[in-house]
Amino acid sequence: MGTVFSFGNKLLQKEVGKLNNIKKIAVIGSGTMGIGIGIDILNKTGYEVIFIDVADSALERASREIGSYFSAMAGSGRILEDQAAELLARVTYSKDFALLGKAEVIWEAATERIDVKKAIFGNIEKYADPEKLVFIFSNTSSHTTAELAVLFNDRFLMDKFLTGHGYFPFHANRLFDVMKGKYASEETFTAGVAFAEQALEKKVIALRNDHHGYIADPIFEGMAAIIQWDVKTGQDLVELPQVFDLLTANPFQVLDRTGHMPYTECAKHLGQALPANDRLRSVYNQSERHYPQWIEDLEKSGKTGLSSKDKEGFFKWSGAPNREKISGVYNPETKSYVAIGEINNLDYWSLSEAKALDHRESTIKSIGGLIRIAESDDKGGKTFRRYAIPIMLYALDLIQDNFATPADIDSSTKTGLRFKYGLCEIIDKFLNHFGIDGFIGLVKKSGLENPDRVELFDVDGKTGPRKDLPSLLHSMKKRGWSNLLGYGRIYGTPVCQRNFTTDEMDIYYNDLRFIYPSKKDRVASIIFDNPLRGNVWNRNTLDQLDHAIGVSIDLYEKGALGALLFTASGKGMRMLGADARQFNKGWFDAKTGYKFLGEEDASYFTKAGMKLFRFVQEMPVWTIGVFGEKWGGGAEFTYFLNQRFDLVLHGVEFDSIQRKNVFRLKKNYNQPEIEYGILGGFGAVQELVRLGFGESLIDELFLQGLTATRAYELGLSNGTGNDEYELLEKAFELARLKQKYAVPYSVALYNLQKKNAFAEGCNDARLTRETGEAFNPAKNPYISTALLRLLNIGGQNPPLDLSIQGKLPGWENNYNSLFE
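Residues numbered from 1 in each chain as written. Predicted model: local features only at pLDDT ≥ 70, side-chain atom pairs only at ≥ 80, totals over all residues. Heavy atoms only, no water.

What to know about the environment of Thr45
Here Thr45 lies in the loop between helix H2 (32-44) and strand S2 (48-52). Separated by 154 residues in sequence, Thr45 and Ala199 have C-alpha atoms that sit 6.8 Å apart. Other than its neighbours up to four places away in sequence, Thr45 contacts Gly2, Arg90 and Ala199. Within the structure, Thr45 has its side chain in polar contact with the backbone oxygen of Ile41 (distance 2.7 Å). At a separation of 3.2 Å, a polar atom in the side chain of Thr45 contacts the main-chain amide nitrogen of Tyr47. (Helix = DSSP H or I, 4+ residues; strand = E, 2+ residues; numbered from the N terminus. Contact = heavy atoms within 4.5 Å. Polar contact = N/O pair within 3.5 Å; in protein donor to acceptor, adjacent residues only side chain to side chain.)

Thoughts on the layout of surface pockets
Here the second largest pocket defines a volume of roughly 1,800 Å³. What lines the second largest pocket is a set of 45 residues, among which Asn43, Lys44, Lys571, Gly572 and His650 lie closest to the centre. For the lining of the second largest pocket, the secondary structure elements donating two or more residues are H2, helix H3 (56-75), helix H4 (81-89), strand S21 (650-655) and helix H27 (724-739). At four residues, H2 tops the list of elements feeding residues into the lining of the second largest pocket. (1 Å grid on protein atoms, 1.4 Å probe; cavity = no way out; pocket = protein on both sides within 12 Å on 5 of 7 lines; lining within 4 Å. Points joined across faces, edges and corners; volume = space filled by probe spheres on them.)

Here's the deal with the pattern of salt bridges
Counted under the stated rule, the structure contains 50 salt bridges. Here Asp347 ties to Lys379 by a salt bridge, and the two come within 3.8 Å at their closest N and O atoms. One end of the pair, Asp347, is in the loop between strand S11 (336-338) and helix H15 (349-360); the other, Lys379, is in helix H17 (residues 379-400), and 32 residues separate them in sequence. Since its relative accessible area comes to 27%, Asp347 is described here as partly exposed. Residue class for Lys379 comes out partly exposed when judged on its relative accessible area of 41%. With a shortest N-O distance of 3.5 Å, Glu629 and Lys666 are connected by a salt bridge. With Glu629 in the loop between strand S18 (622-627) and strand S19 (630-631) and Lys666 in the loop between strand S22 (660-665) and strand S23 (669-670), the pair connects residues that are 37 residues apart, well separated along the chain. (Salt bridge = Lys/Arg side-chain N within 4 Å of Asp/Glu carboxyl O. Buried < 20%, exposed > 50% of the residue type's maximum accessible area, 1.4 Å probe, protein only.)

Overview of the side chain of Thr140
Structurally, Thr140 can be placed in the loop between strand S5 (135-138) and helix H6 (145-149). Using a relative accessible area of 0% as the deciding quantity, one classes Thr140 as buried. Of the polar contacts made by the side chain of Thr140, one reaches the side chain of Glu112; its length is 2.9 Å. Sequence-distant contacts of Thr140, defined by excluding residues within four places in its chain, comprise Glu112, Lys117, Leu148, Thr163, His165 and Tyr214.

Interpretation note: all reported values are geometric properties and have no functional meaning in isolation.
Next up, the structure:
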């Protein structure tokens with residue numbers, strides 16, 4: 001949101017003032033990641049960015065690439081030329097470390113070399129202003145927080161230090177890690193997580209315990225490292241990583257885009273620093289090397305990927321910037337680039353079969369296809385077992401050793417590494433297919449096939465780094481558990497995770513955030529949290545919202561919740577409609593074509609959404625939405641809430657009369673479905689009628705859209721504001737005040753009266769009966785204590801018990817049977 005709001009979190013509230021007063025961020029290091037960090041900050045916040053680097057060439061590259069990025073945005077009409085100039089005016093490029101004293105946040109994004117980091121940290125210590133400093137991030141990919149914090153002599157700076165790590169491309173990748181370690185204060189950790197979540201709009205993996213490379217990096221590094229020793233020819237770089245291409249992408253192609261140096265420096269550090277019980281330690285230590293000679297040869301010759309002079313790395317690339325395509329592959333045998341050969345489908349028939357299966361079932365990169373490959377005895381099956389099985393076991397180790405939760409791993413791989421399905425989802429499907437004993441058998445088969453790497457396949461605690469540490473699989477079997485995650489009842493996507501400490505199932509939402517109510521405030525917040533996708537409706541979002549409503553209604557029945565605040569993360573709090581990628585079966589793929597949803601599937605999507613939204617509308621809980629730009633289903637959802645607060649928006653739009661882009665007031669309510677041959681599938685027309693709109697006003701909304709001001713004039717919006725923080729504060733305070741005495745009986749009766757009045761009109765006889773029943777303690781058990789507030793104003797009254805007591809008028813909690 002470009003700002004930080006506490007949502008009732010008292011610890012965060014103490015940090016909000018400091019976070020929202022940040023003016024300058026200093027980024028040390030102007031390489032690929034530093035540039036991405038700078039672009040992201042400029043896009044999402046109003047901060048000034050100070051780039052500091054010792055090399056003129058690096059600063060010049062940063063200036064050139066950031067300038068090109070915003071020039072391209074202006075050229076494509078996303079911003080105006082003067083806006084691009086204003087953005088670029090907020091950047092300073094310098095070699096002077098004294099400028100660190102002007103920054104509230106210092107972000108080190110330089111090399112992994114510890115000697116270089118030590119020199120940088122010395123400059124931070126020398127020039128940082130302790131009165132201004134909110135926190136320090138290091139974007140390290142392999143060091144722990146503890147390893148770096150001790151480079152400071154000043155205990156104050158250790159207290160302010162976190163490792164905060166993003167993924168390539170930084171400005172287009174949601175994942176962000178924040179690691180606390182043993183030195184940072186709780187306040188610093190809270191501030192760092194909130195900054196990344198809200199100001200930078202990231203999906204944050206918040207790790208209290210130090211782990212080399214967080215969660216995603218050691219998995220990704222391991223994917224490349226486990227293959228690198230087997231590469232002998234250029235064709236090996238194409239064929240062997242196919243197994244990971246079915247999960248996400250060929251890791252060597254990704255490394256060409258990020259640059260090789262972070263990988264090789266991480267390999268060195270991981271080879272030296274990983275603990276003795278780390279399953280993957282051996283893939284960074286072979287023949288007294290941390291990575292093969294052929295990779296070192298590439299690096300020494302300057303062939304480090306797309307950013308190198310000739311755009312050469314593991315592959316040869318050609319084409320316009322940001323549109324490069326592979327034109328050759330490096331052959332370690334000849335130390336030259338060669339043409340990519342055809343893959344022999346007879347050798348890898350299982351991969352072809354998996355793709356054919358996906359095509360028949362209108363899916364892409366399905367887990368069923370992966371299982372088919374894992375069971376096969378061709379080269380596809382053997383490479384899967386040699387390379388992918390150890391990565392799956394490594395994920396289980398991270399959970400077992402208390403470094404990560406199943407949600408951390410699933411979200412890290414799905415969000416940051418862009419797996420089609422998260423790694424824990426894949427493990428669950430394998431366990432469901434094979435059973436735990438069958439999966440252990442598959443692992444042992446893999447170990448027998450790979451006697452040179454037997455330590456990677458140990459599950460019994462008998463050999464290698466995991467000796468005396470039997471796999472988590474055995475613990476799961478003993479407890480009768482076959483899943484790491486729990487799945488939604490609408491579409492079967494992840495909604496919760498197993499807590500191996502408490503034996504409970506905890507919330508896991510990858511596209512939402514749920515903030516529990518405090519005992520005093522009784523306001524829970526549900527935040528649509530995928531701004532890169534526009535906070536869209538899809539199968540995942542419906543499952544997660546359904547689960548969140550279930551959690552909320554349980555809290556409500558216990559008297560712990562009286563109001564729900566809904567909003568969206570991202571600048572402008574935008575909420576789009578249905579995810580266009582899921583208007584077809586599987587995911588749209590322009591190369592292989594698509595199959596659009598049939599009548600039955602499309603109807604079910606609307607049916608599921610309407611059942612859930614209607615439940616939200618009718619449950620006796622105050623609901624308030626705070627949003628900005630809303631399209632399609634994003635607008636429709638808000639029609640089911642009690643109150644709607646709208647952010648006044650300005651932005652660049654194309655003026656069809658002037659035939660140019662202009663900066664103007666934007667529409668908050670938009671229903672564009674007719675233009676795409678569909679309809680408002682979440683009830684736009686009928687809900688607008690229920691809200692009091694006539695035909696002309698509905699036409700206006702569908703044909704023109706409504707600004708926040710216009711919606712307020714018409715009564716659709718209950719409040720507007722120009723500032724995100726102030727609007728959230730206003731709405732949250734309303735929710736907080738109204739939940740305080742939200743007597744369940746009265747709120748339920750109020751909802752029933754609205755429903756009956758809309759359907760039937762006035763009914764005096766019914767009103768007479770309802771009034772009498774409200775004063776009957778046998779029917780309304782709240783009357784005796786609630787009415788005392790009126791009869792004994794200012795006196796000492798007994799506390800009001802807001803838990804569910806008896807039957808509420810017109811409402812029965814049918815949540816559990818909603819989709820039966």
